[in-house]
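Survey of secondary and tertiary structure
So the chains spell out like this:
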Amino acid sequence: MEHHSKVRKFSHSVEHNIGSLLQGDVSMGDMIRIWLDPWLSDVPLRVLFLNLILLENHKGCLTSEMFEVSDIGVVWKWEWKHSAWSGTEEADLLNLYQMLDTFQPSEWNKRILKKVNIFAWQASLNRLPTLSDLTRRNVPVDSTLSKFCSEDEETGAHLLISCRSAGQIWQNISSWCMIAQIYAFTVTDLLSAHDYYRLGRRKKEILYGIILTACWCI
Ligand SMILES: [Zn+2]
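We now turn to the structure provided with this report. (Residues numbered from 1 in each chain as written. Predicted model: local features only at pLDDT ≥ 70, side-chain atom pairs only at ≥ 80, totals over all residues. Heavy atoms only, no water.)

**A short note on the coordination of the zinc ion**
Donor atoms from the polypeptide that coordinate the zinc ion comprise Ser146 (OG), Cys149 (SG), His158 (NE2) and Cys163 (SG), at 2.0 to 2.3 Å from the metal. For the zinc ion, the 4 donor atoms in the first shell make angles of 100 to 121° at the metal, a pattern classed as tetrahedral. Summarised as a motif, the one-chain spacing of the donors to the zinc ion is S-x2-C-x8-H-x4-C. Residues Ser146 and Cys149 agree in their burial class; the two are buried. (Donors = N, O, S within 2.8 Å, 3.2 Å for Na, K, Ca; no water. Tetrahedral: all angles 85-135°; square planar, octahedral: opposite > 155°, others 65-115°. Buried < 20%, exposed > 50% of the residue type's maximum accessible area, 1.4 Å probe, protein only.)

Below, the structure is given as C-alpha cells:
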C-alpha cells in the first residue's frame, strides 16, 4: 500500500513539475555561464580551474557563445589573455579539455530547465550522487539499499529503471502519453528511448523532455 501511495504522489509530482519545467524555446547554451554555473560537474569551472579563469577575458560568457559544432566535432573558441603558458596552466588546460570531451551539445533539450538537463547528463555519465556512489566516494551512509524498495543497491540504473517504483512511473507516463511502454536496461537506453517511437520531431522532443523531467523528479 505504502509503495502505491508513494508512486501516486510521485506521478503527481512529475505531472506538476513538467508544467513548470517545460519552457519556451530557450536554448541550454543561452543560459549556462561557462565558468560560473556547475554544468560539467557539480563544481563550476571557475573553482576547478583557478589559474585558467584568471586568463579568461569574458568571465561571464555563455556556453553557446563559446563553441561551434563542425565536422570534427565541438570546437571551443577561447580568448585567453596570453598565449605563453606556464606548466601549471598547461596542465589545467589539458584537464579542462578532457572534461569538455564529454560534452554533447546535440543532447541538450531546449524545452527544459538546465538543472534537469544537467541531472540527466550526470545520470548518463553515471555521476549521480546515489547511495552506492556516495559509499564509493567514502561518504558515510546508513545503507546503500534503495530508499524506495529496500530490495537492491541504489545505483543510478536501479533508481531510474529497475526499481519497482521507477517501473510504475514509466508505465504511468507511457499510458499518460498514450505510447507503448517505455523500456530500458541502462540509463543511456532510457535517455534515448524517445528516439525509438514513431513520432514527429517535436513530439519526440517533448517526450524526451517528459522522460528527463521524470528522471529528475525521481
Ligand atoms: Zn528500489
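More follows now that the structure is in view.
**Side note on the pattern of salt bridges**
Counted under the stated rule, the structure contains 4 salt bridges. Here Asp133 makes a salt bridge to Arg137, at a shortest N to O gap of 2.7 Å. Because the salt bridges share partners, they merge into one network encompassing Asp133, Arg136 and Arg137. (Salt bridge = Lys/Arg side-chain N within 4 Å of Asp/Glu carboxyl O.)

**Quick notes on the packing of aromatic side chains**
Within the structure shown, the criterion is met by 6 aromatic pairs. Look at Trp35 and Trp80: their rings are 6.2 Å apart centre to centre, the planes differ by 75°, and that puts the pair in the edge-to-face class. Here Trp35 is found in the loop between α1 (2-21) and α2 (45-48), whereas its partner Trp80 is found in the loop between β2 (73-76) and α5 (87-100), with 45 residues between them in sequence. Of the residues examined, Trp80 reaches a relative accessible area of 18% and is grouped as buried. On the basis of an interplanar angle of 75° and a centroid distance of 5.7 Å, the ring pair of Tyr183 and Phe185 is categorised as edge-to-face. The two residues Tyr183 and Phe185 agree in class, both being exposed. An aromatic cluster of at least three residues, connected via ring pairs, comprises Trp35, Trp76, Trp78, Trp80 and Trp85. (Phe/Tyr/Trp six-rings, centres within 6.5 Å; stacked < 30°, edge-to-face > 60°. Helix = DSSP H or I, 4+ residues; strand = E, 2+ residues; numbered from the N terminus.)

**Here we look at the packing of helix α9 (residues 164-176) against helix α11 (residues 201-217)**
Two elements in contact, α9 and α11, have axes whose closest approach is 11 Å; the angle formed by their N-to-C orientations is 150°. Considered as vectors, α9 and α11 are oriented roughly antiparallel to each other. Once α9 is placed against α11, the crossing between them reads as right-handed. Taken together, the residues of α11 that come into contact with α9 (itself represented by Trp170, Ile173 and Trp176) are Ile210, Ile211, Ala214 and Cys215. Of the residues in the contact of α9 with α11, the class split is 7 nonpolar, no polar and no charged. (Axes fitted to C-alpha atoms, helices over the stretch in contact; angles between N-to-C directions. Parallel < 35°, antiparallel > 145°, perpendicular 65-115°, else oblique. Left-handed = near helix turned anticlockwise from the far one by under 90°. Contact = heavy atoms within 4.5 Å. Nonpolar A, V, L, I, M, F, W, Y, C, P; charged D, E, K, R; others polar.)

**Overview of a nonpolar patch on the surface**
There is a patch of nonpolar side chains on the surface, built from Val43, Val47 and Leu48 and spanning about 200 Å² of accessible area. With respect to the helices, strands and loops of the structure, Val43 is situated in the loop between α1 and α2. Looking at Val43, the relative accessible area reads 33%, which means it is partly exposed. (Patch = residues over 30% accessible without salt bridge, like charges linked within 9 Å, V, L, I, M, F, W, Y side chains within 5 Å. Areas by Shrake-Rupley, 256 points an atom, 1.4 Å probe, with all protein chains shown as cover.)

**So, unusual backbone geometry**
If you check the backbone angles, Asn138 has positive phi at about 65° while not being a glycine. Summarising the element assignment, Asn138 is placed in the loop between α7 (131-136) and α8 (156-162). Judged by relative accessible area, which is 70%, Asn138 ranks as exposed. A positive phi angle, near 55°, is found at Ser150, a position not held by glycine. Structurally, Ser150 can be placed in the loop between α7 and α8.

None of this, on its own, says anything about what the molecule does.
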